[in-house]
Amino acid sequence: MDLPTLLGEIGDRAAPGPAPSGTWWPLVSLSLALVAVLVSPLWRLLRPAVTIVHELGHAVTGILAGRRFTGFVVSADMSGHAITVGRPRGPGRVISAWSGYPAPALLGAVLIQVALAGAAGTALAVALAALLVSLVFTRSVHTVLAVLGSAAVVGAVWWWGSPALVALVTLAVGAFLLMGAWRHVLVVASSGGRGDDPAQLARLTPLPAAVWIGSYLLVLAACTLWALAVLAPGLRKLL
């Protein structure tokens, strides 16, 4: 395949198109996501995707707040941390520290929206590019493997999947990230330690960790309502 043909193929796969017809595929996507979050072996296998988005959420907001992103780590126990360089205190540090837990929920709601709007191929192309760029900032072998594994799955579905499969997987990933965000926040709310984001925010600000956890819950609730509003017309047809 010559370069112009390859570029044409990439453009075709990344271009928006009509969403699949029928009401069955959103229900299948939501069911797959729910099983992946609730079944422990599947959750342990797939949880790195939530952690990667969490850490890149720290990175993106840190950069937007004027900090310098130098790398991130996803550990073998599926925890992680991102490293941004800048003032040790102040609004930029607070924004960067806060943004990790909401990031998977926000991205999840966006993916649900674009999958139903017919832009699933575009979303997977952007996700693949972001994962490949993030490889530059990985700081451990396990992190490289987690990012490469995620990129391989996204790339395979995007390149070889039918439009219906691409839409189904994109919606399933969005729902998984949104549900996974809830699981992460509920865990940190019940058993968080001094190294977790809410505890760090409590040290950076006058507000206790409980307030920061409450702010996460508000964002997750808003993202969930957004996703339900987008899904409601299709799901209503099934009732």
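When helices and strands are counted, the protein shows 10 helices and 2 strands. Going residue by residue from the N terminus, the α and β elements of the protein occur as α-α-α-β-β-α-α-α-α-α-α-α. Its C-alpha atoms give the protein a radius of gyration of 18 Å, within 12% of the compact-globule value 18 Å for 239 residues. Out of the 239 residues in the protein, the part that is buried amounts to 41%.

It is worth spelling out the confidence of the model for the protein at this point. For the protein, the mean per-residue pLDDT works out to 89, and 96% of the residues sit at or above 70. The least confident element of the protein, judged by mean pLDDT, is helix α1 (residues 3-14) at 76; the most confident is helix α5 (residues 102-117) at 96.

What follows covers the packing of helix α3 (residues 40-64) against helix α4 (residues 91-98). Helix-helix packing: each pair is described by the crossing angle between the helix axes and the interaxial distance. Running from amino to carboxyl end, α3 crosses α4 at an angle of 160°, the nearest separation of the two axes being 7 Å. One finds that α3 runs roughly antiparallel with respect to α4. Between α3 and α4 the crossing geometry is right-handed. Facing α3, whose interface residues are H58, T61 and G62, α4 presents I95, S96 and A97. The residue inventory of the contact of α3 with α4, partitioned by class, reads 2 nonpolar, 4 polar and no charged.

Turning to the pairing of strand β1 (residues 68-74), a few remarks are in order. Counting buried positions along β1 gives 5 out of 7 residues, so the element sits mostly inside the fold. Two elements, β1 and strand β2 (residues 80-85), share 6 bridges in a ladder whose sense is antiparallel. Pairing of R68 across the sheet is with V85, part of β2.

If you walk through the whole model with that rule in mind, you get 1 salt bridge. Note that E9 and R13 form a salt bridge whose closest N and O atoms lie 2.3 Å from each other. Here E9 pairs with R13, and both are found in helix α1, just 4 residues apart, close to one helical turn. For R13, a relative accessible area of 26% corresponds to the partly exposed category.

Over its 15 residues, helix α6 (residues 120-134) runs 21 Å from end to end, which matches the ideal 21 Å to within 8%, given 1.5 Å per residue. Of the positions making up α6, those classed as buried are A120, G121, A123, L124, A125, L128, L131 and S134.

Thresholds applied
- Residues numbered from 1 in each chain as written.
- Predicted model: local features only at pLDDT ≥ 70, side-chain atom pairs only at ≥ 80, totals over all residues.
- Heavy atoms only, no water.
- Helix = DSSP H or I, 4+ residues; strand = E, 2+ residues; numbered from the N terminus.
- Rg over C-alpha atoms; globule rule 2.2 N^0.38 Å.
- Buried < 20%, exposed > 50% of the residue type's maximum accessible area, 1.4 Å probe, protein only.
- pLDDT = per-residue confidence, 0-100.
- Axes fitted to C-alpha atoms, helices over the stretch in contact; angles between N-to-C directions.
- Parallel < 35°, antiparallel > 145°, perpendicular 65-115°, else oblique.
- Left-handed = near helix turned anticlockwise from the far one by under 90°.
- Contact = heavy atoms within 4.5 Å.
- Nonpolar A, V, L, I, M, F, W, Y, C, P; charged D, E, K, R; others polar.
- Pairing = 2+ DSSP bridges.
- Salt bridge = Lys/Arg side-chain N within 4 Å of Asp/Glu carboxyl O.
- Expected span 1.5 Å × (residues − 1).

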